[in-house]
Amino acid sequence: MSPRRFLITGATGGIGRATLQRLLERGDEILAVGRGLEKLDDLAERSERAEAEGYGRLARHRADLMDEGARAQLAQVAAKGSGGLDGVVYIAGRNDRMPFDELDEAHVRGVFELNFFAPLLLVRSLVPYLNEGAVLLFVSSTLASKPVPGSAAYSASKAALESLSRSLAIELGGRKVRALSIAPGLVDTAMLREGRSENDLEFFASLSPLGRIGEPDEIASLIVHALDNAFLTGVTITVDGGSLTGMSR
Ligand SMILES: NC(=O)c1ccc[n+]([C@@H]2O[C@H](COP(=O)([O-])OP(=O)(O)OC[C@H]3O[C@@H](n4cnc5c(N)ncnc54)[C@H](OP(=O)(O)O)[C@@H]3O)[C@@H](O)[C@H]2O)c1
């Protein structure tokens, strides 16, 4: 497959970085978006050194995706690149847990801004620059279909994101553009560990029939497969170590 050009948000996080690494290793060209771009210094250096050996080209763009102006600026940068876009991989997300009786409007709007409105509006502004055969991939969560206490805003925002990906598959299929979601279960990243003890992590591991939580690269490998499989669209693919199927003890 010849190198393709992808915009990746959440590239500085656990799942995003693992995805970025896989795509760069096979020579794709990436526009990586995040706030803490210094977390990608090593990959940027490697990209500069190794382009001649077929390693991909990495461009980094700092953007707070909660900010409308920053999103507009990002869309301009993405549109400028030569040859259009072969895909948008929206991995950025926030999951601030809050019991339902403490939920306030600002919290719900904040979660929806990053997890739903930002991908919708960003993709809408990029549609004119999508190449034939491009793919729009959104990282959702198993919590979209199986909420837990405290996840009301997050679960609803991810369910809306999955629904959006189905609408995009229907509306853009005529242009040979695909759209889909990937719904991971519990994955070992900063998001999962924040505010959690080792005991919590052991409990999470016990929820999977495999007795463990996932590794970021196990999600990244599915993302890359979904970017490549030209017959895959309009679906949400779960990758959760069997947790949705049921508890093993
Ligand atoms: N880990 C899990 O168990 C799990 C399970 C299911 C689904 N997910 C989903 O997987 C995706 C990736 O999460 P992760 O587990 O890899 O967590 P992570 O390591 O905490 O990464 C979160 C990413 O989101 C970006 N982000 C957060 N707020 C942002 C903002 N305002 N503007 C721009 N970027 C922002 C962060 O970038 P900066 O910090 O650089 O801004 C970072 O790259 C999320 O959508 C999450 O909901 C995770």
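Cut-offs and rules
Residues numbered from 1 in each chain as written. Predicted model: local features only at pLDDT ≥ 70, side-chain atom pairs only at ≥ 80, totals over all residues. Helix = DSSP H or I, 4+ residues; strand = E, 2+ residues; numbered from the N terminus. Expected span 1.5 Å × (residues − 1). Buried ≥ 20, exposed ≤ 12 C-beta atoms within 10 Å, placed from the backbone. Contact = placed C-beta atoms within 7 Å. Axes fitted to C-alpha atoms, helices over the stretch in contact; angles between N-to-C directions. Parallel < 35°, antiparallel > 145°, perpendicular 65-115°, else oblique. Left-handed = near helix turned anticlockwise from the far one by under 90°. Nonpolar A, V, L, I, M, F, W, Y, C, P; charged D, E, K, R; others polar. Near = placed C-beta within 6 Å. Pairing = 2+ DSSP bridges. Right-handed = clockwise from strand over helix to strand, strands pointing away.

## Side note on helix α5 (residues 152-172)
Next up, step 1: Taking 1.5 Å of rise per residue, the 21 residues of α5 would be expected to cover 30 Å, and the 30 Å separating its terminal C-alpha atoms lies within 8% of that figure.
Next up, step 2: Along α5, the residues that are buried comprise Ala153, Tyr154, Ser155, Ser157, Lys158, Ala159, Leu161, Leu164, Ser165 and Leu168.
Next up, step 3: Each element contacted by the buried residues of α5 is listed here: α4 (105-126), β5 (130-139) and β6 (178-184).

## Observations concerning the packing of helix α1 (residues 14-25) against helix α8 (residues 216-228)
Next up, step 1: Where α1 meets α8, the axes come as close as 8 Å, and the angle between the chain directions of the two elements is 55°. Accordingly, the angle class assigned to the pair α1 and α8 is oblique. Two packed elements cross with a definite hand, and for α1 against α8 that hand is right-handed. Note on element contacts: α8 touches α1 through Pro216, Asp217, Ile219, Ala220, Ser221, Ile223 and Val224, opposite Gly14, Ile15, Ala18, Thr19, Arg22 and Leu23.
Next up, step 2: Taken together, the residues of the contact of α1 with α8 sort by class into eight nonpolar, three polar and two charged.

## Quick look at the site of the ligand
Next up, step 1: Among the 27 residues in the neighbourhood of the ligand, the closest are listed as Gly13, Gly34, Arg35, Gly93 and Thr189.
Next up, step 2: Only α1 and α6 (190-193) provide two or more residues apiece to the shell around the ligand.
Next up, step 3: Considered class by class, the residues forming the shell around the ligand number 13 nonpolar, 11 polar and three charged.

## A closer look at unusual backbone geometry
Next up, step 1: A positive phi angle, near 65°, is found at lysine 176, a position not held by glycine.
Next up, step 2: Mapped onto the elements, lysine 176 comes out in the loop between α5 and β6.

## Details of the sheet that holds strand β7 (residues 236-239)
Next up, step 1: Reading across the sheet, the seven strands line up as β3-β2-β1-β4-β5-β6-β7 and stay open at both edges, with parallel pairing between neighbours. Either end of the sheet is taken by a strand with one partner, and the two such strands are β3 (58-62) and β7. In this sheet, adjacent strand axes meet at a mean angle of 15° when their direction is disregarded.
Next up, step 2: Of the pairings in the sheet, the one linking β5 to β6 comprises five bridges and is parallel in character. Within the sheet, the bridge partner assigned to leucine 137 lies in β6 and is leucine 180.

## A few points about the pairing of strand β2 (residues 29-34)
Next up, step 1: Taken across its six residues, β2 has six buried, putting it largely inside the fold.
Next up, step 2: Here β2 shows a buried face lined by Glu29, Leu31 and Val33 and a second buried face lined by Ile30, Ala32 and Gly34.
Next up, step 3: The sheet contact formed by strand β1 (residues 5-9) and β2 spans five bridges and is parallel. Across the sheet, phenylalanine 6 pairs through a bridge with isoleucine 30, a residue of β2.
Next up, step 4: What joins β1 to β2 is α1, and the crossover it makes is right-handed.
Next up, step 5: Pairing geometry for β2 and β3, over five bridges, is parallel. Residue pairing across strands places alanine 32 opposite arginine 60, the latter belonging to β3.

Don't take any of this as a statement about function, it's just geometry.
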